[in-house]
Amino acid sequence: MSAGAIPRILSIAGTDPTGGAGIQADLKSIAATGGYGMAVVTALVAQNTRGVRSVHTPPASFLREQLDAVADDVSIDAVKIGMLGSTDLTQTVNAWLADAGVPAVVLDPVMIATSGDRLLDDGAEAALRRLLHRVDLVTPNLPELAVLVQEPVAESWSSALAQGERLSAAYGVKVLVKGGHLAGARCPDALVDAGAADPLVLQVRAPRVDTANTHGTGCSMSAAMATFHARLGRWDQALTATKAWLQEALEHADELDVGSGHGPVHHFHGVWERGLDAAADSRLKQG
């Protein structure tokens, strides 16, 4: 990617008709953080802010056609992978990545529902573990991190960091350890790389935001990480930028009035606050 160019980011994920999670959240996050978003659909999901009703998945052959259609025409600077759901779809994405040679891949391993239910059968989970060898950064929440290292869910930040280091060492992948499921006034996140001189590459903390509108936070964070890395070239800088952007999106989430359950974060607050109004004022003055 040439200096100053807008990075082209591909999201591979399921849908959310209410726009707060999945591909819709990914595209908003990519645009809000300075990228051009593209989307390949792995699943059509009937859901809203209160929960998932049903899921319809396309044949694996059609998923591959979508992926090839993008790659045959567009240079892809980074890929964010979200919901895969089945063994066939996961294997298809893995095989495509082997052929595509994408510079950076971020995996948000959608494995555990908000209810605590496992979303993957044994075959799909095994395929996801094989996919881990193909990605650069994995961004599990704490229940997903526990499944991946086959341990109980971490109940402290130090335990979570230790699990992240074990996952990183086992698969040769960088891990974004997220503290959102822990209690406390501050919410930590950390970039862990067992192959680095200091496995705890970067740790960032911010005040915990008192809001119920957190739907799609994991999707949004992983998409922003892919975009900022494509722009900045470093994972630690990507985390610092992503944390600041997501903190603002959470702090202003209650300004949106979307649904009666867990609503979305305010992806575009910063753009609207600092850019949209200024651009509109400029056009009015010119008129």
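Structure shown above.
Residues numbered from 1 in each chain as written. Predicted model: local features only at pLDDT ≥ 70, side-chain atom pairs only at ≥ 80, totals over all residues. Heavy atoms only, no water.

**Quick word on the packing of helix H1 (residues 22-32) against helix H7 (residues 217-232)**
The description of two packed helices rests on the angle between their axes and on the distance between the axes.
Phase 1 of the analysis: Packing of H1 against H7 leaves a shortest axis separation of 8 Å and a crossing angle of 40 degrees. Comparing the axis directions of H1 and H7 gives the class oblique. Crossing of H1 over H7 shows right-handed handedness. Across from Gly 22, Ala 25, Asp 26, Ser 29 and Ile 30 in H1, the residues of H7 making contact are Cys 219, Ser 220, Ala 223, Ala 224 and Thr 227.
Phase 2 of the analysis: When its residues are assigned to classes, the contact of H1 with H7 shows five nonpolar, four polar and one charged. (Axes fitted to C-alpha atoms, helices over the stretch in contact; angles between N-to-C directions. Helix = DSSP H or I, 4+ residues; strand = E, 2+ residues; numbered from the N terminus. Parallel < 35°, antiparallel > 145°, perpendicular 65-115°, else oblique. Left-handed = near helix turned anticlockwise from the far one by under 90°. Contact = heavy atoms within 4.5 Å. Nonpolar A, V, L, I, M, F, W, Y, C, P; charged D, E, K, R; others polar.)

**Section: the pairing of strand E2 (residues 36-48)**
Phase 1 of the analysis: Direction of pairing for strand E1 (residues 8-14) relative to E2: parallel, over a ladder of seven bridges. Looking at E2, one finds that Ile 9 is bridged to Gly 37.
Phase 2 of the analysis: Crossover connection from E1 via H1 to parallel E2: handedness right-handed.
Phase 3 of the analysis: The pairing of E2 with strand E3 (residues 51-56) spans five bridges and is antiparallel. Counterpart to Asn 48 in the pairing with E3 is Gly 51.
Phase 4 of the analysis: What sits between the antiparallel neighbours E2 and E3 is a turn of two residues. (Pairing = 2+ DSSP bridges. Right-handed = clockwise from strand over helix to strand, strands pointing away.)

**Quick word on the sheet that holds E2**
Phase 1 of the analysis: With mixed pairing, nine strands are arranged side by side in an open sheet as E3-E2-E1-E4-E5-E6-E7-E8-E9. Looking at strand neighbours, the two that pair on one side only are E3 and strand E9 (200-207), the edges of this open sheet.

**Focus on the packing of helix H5 (residues 142-149) against helix H6 (residues 157-171)**
Phase 1 of the analysis: For the pair H5 and H6, interaxial distance at closest approach is 10 Å and the crossing angle is 45 degrees. Overall, the two elements H5 and H6 adopt an arrangement that is oblique. Here H5 runs over H6; the crossing is left-handed. On H6, the residues that touch Leu 142, Leu 145, Ala 146, Leu 148 and Val 149 of H5 are Ala 160, Gln 163, Gly 164 and Leu 167.
Phase 2 of the analysis: When grouped by side-chain class, the residues that make up the contact of H5 with H6 number seven nonpolar, two polar and no charged.

**Points about the nonpolar core**
Phase 1 of the analysis: The biggest cluster of nonpolar side chains holds 44 residues, and the ones touching the most others in it are Leu 10, Ile 12, Val 79, Ile 81, Trp 96 and Leu 167.
Phase 2 of the analysis: When residues no more than four places from it in sequence are discounted, the contact partners of Ile 12 are Val 40, Thr 42, Leu 67, Val 79, Lys 80, Ile 81, Gly 82, Met 83, Val 93 and Trp 96.
Phase 3 of the analysis: Counting residues in hydrophobic clusters, the runner-up holds 25 residues, among them Ile 30, Leu 137, Ala 226 and Ala 238. (Core = buried A, V, L, I, M, F, W, Y, C linked by side-chain atoms within 4.5 Å. Buried < 20%, exposed > 50% of the residue type's maximum accessible area, 1.4 Å probe, protein only.)

**Details of empty space enclosed by the protein**
Phase 1 of the analysis: This structure, assessed with the given rule, holds one cavity of 30 Å³ or more.
Phase 2 of the analysis: Considering only enclosed or pocket space, the largest cavity measures out at about 50 Å³ in volume.
Phase 3 of the analysis: Lining of the largest cavity is provided by Gly 82, Met 83, Leu 84, Gly 85, Thr 90, Leu 107, Asp 108, Pro 109, Val 110, Leu 120 and Leu 128.
Phase 4 of the analysis: Looking at the lining of the largest cavity, its residues break down into seven nonpolar, three polar and one charged. (1 Å grid on protein atoms, 1.4 Å probe; cavity = no way out; pocket = protein on both sides within 12 Å on 5 of 7 lines; lining within 4 Å. Points joined across faces, edges and corners; volume = space filled by probe spheres on them.)

**Focus: the packing of aromatic side chains**
Phase 1 of the analysis: Within the structure shown, the criterion is met by one aromatic pair.
Phase 2 of the analysis: With a centroid separation of 6.4 Å and an interplanar angle of 15 degrees, the aromatic rings of Phe 268 and Trp 272 are classed as stacked.
Phase 3 of the analysis: Classification of Phe 268 as partly exposed rests on a relative accessible area of 23%. (Phe/Tyr/Trp six-rings, centres within 6.5 Å; stacked < 30°, edge-to-face > 60°.)

**Observations regarding the environment of Ala 25**
Phase 1 of the analysis: Take Ala 25: it is sitting in helix H1.
Phase 2 of the analysis: Assessed through its relative accessible area of 0%, Ala 25 is described here as buried.
Phase 3 of the analysis: Taking the C-alpha atoms as reference points, Ala 25 and Ala 223, separated by 198 residues in sequence, lie 8.4 Å from one another.
Phase 4 of the analysis: When sequence neighbours within four positions are dropped, the list of residues in contact with Ala 25 reads Gly 19, Gly 20, Cys 219, Ser 220 and His 267.

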